[in-house]
Amino acid sequence: MADTIQQATTMSIDESNEPSAPLSPRSFAIRHQRPRDSYIGCSRITDYEILGKLGEGTFGEVHRARSRKTGALVAVKKIIMHNEKDGFPITALREIKLLKLLSHKNVLRLEDMAVEHPARSCKFTFTDKRKKPIFYMVTPYMDHDLSGLLDNPSVHFTEPQIKCYMLQLLEGVKYLHENHILHRDMKAANLLINNKGILQIADFGLARHYEGDVPRAGRGGGEGRRDYTSLVVTRWYRPPELLMHLKRYTTAIDMWGVGCVFGEMLVGKPILAGESDGHQLELIFELCGTPTEESMPGWRSLPGAETLQPRPRPGNLMTRFREYGPGAVSLLKELLKLDWRTRVNAIDALQHPYFKNAPLPAKPHELPSFEESHELDRRKFQDRRAALPPAPKGGTVGRGPHDGPNASFGSDSYGSRNGANGSRYPPRNSRGPEDRVPAWGRRGDHALPPRPPPGDGGDHPDRYRDGGRLPTRPAGGRADVDTYIPSYDRDGGPRRDDWRRRDDRDDRRDWDRDRDRDRDRDRDRRREYDDRSRHSRTRSRSRSPIRDRERDWDRERDRDRDVYRR
Ligand SMILES: Nc1ncnc2c1ncn2[C@@H]1O[C@H](COP(=O)(O)OP(=O)(O)OP(=O)(O)O)[C@@H](O)[C@H]1O
């Protein structure tokens, strides 16, 4: 026993010879402790000098900082407690627990936790016990996140560079999957890159232990072993099986996200920017073809597919990505397979001929360094872009000689449907034919990200569900709420949808906030009511309708918590 514990404290995941048999999360954690000296533990926030804000996520505010002890540059993520009554956020707990176990060059490393205790006003007064300490996660500083880098108009990826990032991404994903971890939020904004050319997977807020078999060479993602919540993955990167509410999913959900990121690196902008879950499925069918029993066996019996009546389409992936070469098309096809059981896994993707044929992948140290590109730098890039000359009118983006009427960048997919071509932004299809040039061959404004439609004017994210052709029930389980609502910045300007995600977690926060506000208001009303009833002695306290409603809310909140625990 002592030996096991000793072993456990000195072995990190990458050093272990993990058998593929499923482990319980507890035995998994015991087996995979990182070496003690790789993690400081709990410091004070005053051990770090805060230098400036880098980004703001759903559950954290990220700052650049310098360690006063070692001088190293780090990123500190403040864990935001949206509702103190709920205690420490479960997503942050999960992220910390998992990151403490992980150790791989392509996975962001948690180095320390720092705490800030509420200040005392003077040494004779006691600390206010109601004020909770603030916790910070400390990770090495990374110069960019991938979506920030792609937004930077002066950055143009070369093919060897894309191959280099893809290899690192696949190595990181292979490591996670081999160690029974599902990331569940694979997207460009969660891939951090430094100026040494190293890519690391970050943001484990939705990650969890995976209880199925780990992927094996030549076997795709295999079959799932148990159910999980389908309320995961940012919509643009969400695979079709999750959009159709498959619960028994596998590591293949992360591979779909890898495919979306790959396409995004090639074209310089997200390739499947759906504006509701239904629209997301439409875009996927346009690209990969409408599912059939052959391309996605069993899809008709998925809960979210029952009401689907998609019009038959062959898919336009080949024509849309032809200019990037047969190797890129073939890898993309493997990653974006509708059938999650046969979708390529990370082990096989790493062996794909794309990485073996010229031009060969660059080595990380050969890559150029770029100016910092984080979430908050995007405004700077947008301003720069605004200063560029207007895009040519009447272009044929995605609708060149090889593209059919369903080309995803065409007006069929966006402009005419979502009203994005209003006066505030240029139409999506108004760029010139040069947009069809590979990312590494493009100049100036052609590497622009998509512009989400204006949020005003009564746009409803679910409008693509009209006509009864698309599922009416969102993955969130609430019929009236879509699982991802595009967000806009405070000035009303457009933001990337994945910049600060407005998704299930936001919805939950909003529901909680609304519920709390209602509850407080009703508590006041109840007091008033009770006072009155005490006074008049006409009603019994136990009959208070407000208390009944409160009990309902408690039940509803417990149910919500259960959902997020999954
Ligand atoms: N180690 C780091 N170095 C540099 N920048 C970082 C680092 N960690 C995070 N960031 C920046 O902060 C942003 C938000 O971080 P992160 O995704 O971890 O927060 P989050 O609250 O989980 O966000 P989201 O709600 O988008 O999932 C990142 O997109 C990135 O720009």
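Each chain has its residues counted from 1, running along the sequence as written. Only residues with pLDDT of 70 or above have their local features reported here, since the model is predicted, and side-chain atom pairs are shown and tallied only from 80 upward, although totals for entire chains, interfaces and linings are computed over all residues. As a rule here, side-chain values come from all non-hydrogen atoms in the structure, and water together with hydrogens is ignored.

Defined as follows: UniProt positions are given in the numbering used here, feature names are shortened, and annotations may be inferred rather than shown by experiment.
The name given to the protein in an unreviewed UniProt entry is Protein kinase domain-containing protein, with Humicola insolens as the source organism. According to the UniProt record, the Subcellular location (unreviewed entry) comment for the protein reads "Nucleus".

Points about the environment of Gly298
To keep it simple, the criterion reads: Numbering of helices and strands starts at the N terminus; helices are DSSP runs of H or I of at least 4 residues and strands are runs of E of at least 2. We call a residue buried when its accessible area falls under 20% of the maximum for its residue type, exposed when it is over 50%, and partly exposed in between, using a 1.4 Å probe and counting protein chains only.
Looking at where Gly298 falls in the secondary structure, it is placed in the loop between α8 (277–288) and α9 (317–321). Residue Gly298 is classed as partly exposed on the basis of its relative accessible area of 26%. Measuring from C-alpha to C-alpha, the distance between Gly298 and Asp339 comes to 9.2 Å, with 41 residues separating the pair along the chain.

Here we look at α8
For an α-helix, 3.6 residues make a turn, and residues three or four places apart therefore share a direction. As a reminder of what qualifies: To estimate the expected span of a helix, subtract one from its residue number and multiply by 1.5 Å.
The first and last C-alpha atoms of α8 sit 16 Å apart over twelve residues, in line with the 16 Å expected at 1.5 Å per residue. Most of α8 sits out of view: eleven of its twelve residues are buried. Taken residue by residue, α8 has Asp277, Gly278, His279, Gln280, Leu281, Glu282, Leu283, Ile284, Phe285, Glu286 and Leu287 as its buried positions. Where α8 terminates, the next one or two residues include Gly289, which has phi positive at roughly 95°.

Things to note about the pairing of strand β3 (residues 60–67)
Along a regular strand, successive side chains alternate from one face of the sheet to the other. Note the following rule: At least two DSSP bridges between two strands are needed for those strands to be called paired.
Pairing analysis gives seven bridges linking strand β2 (residues 48–56) to β3, with the strands arranged antiparallel. For Gly55, the partnering residue across the bridge sits in β3 and is Val62. Between β3 and the antiparallel strand that follows it, strand β4 (residues 73–79), lie five residues; Gly71 among them carries a positive phi value of about 80°.

Digging into the nonpolar core
Within soluble globular proteins, side chains that are nonpolar tend to cluster in buried spots. Cut-off, in case you're wondering: Working definition of a nonpolar core: buried Ala, Val, Leu, Ile, Met, Phe, Trp, Tyr and Cys residues. They are joined through side-chain atoms within 4.5 Å.
Among the nonpolar cores identified, the biggest contains 89 residues, and Met166, Leu169, Phe262 and Phe321 are the most heavily contacted of them. When residues of this core are assigned to their parent elements, the largest contribution, eleven residues, is made by helix α7 (residues 252–267). Tyr48, Val74, Val76 and Ala114 belong to the second largest nonpolar core, which has eight residues in total.

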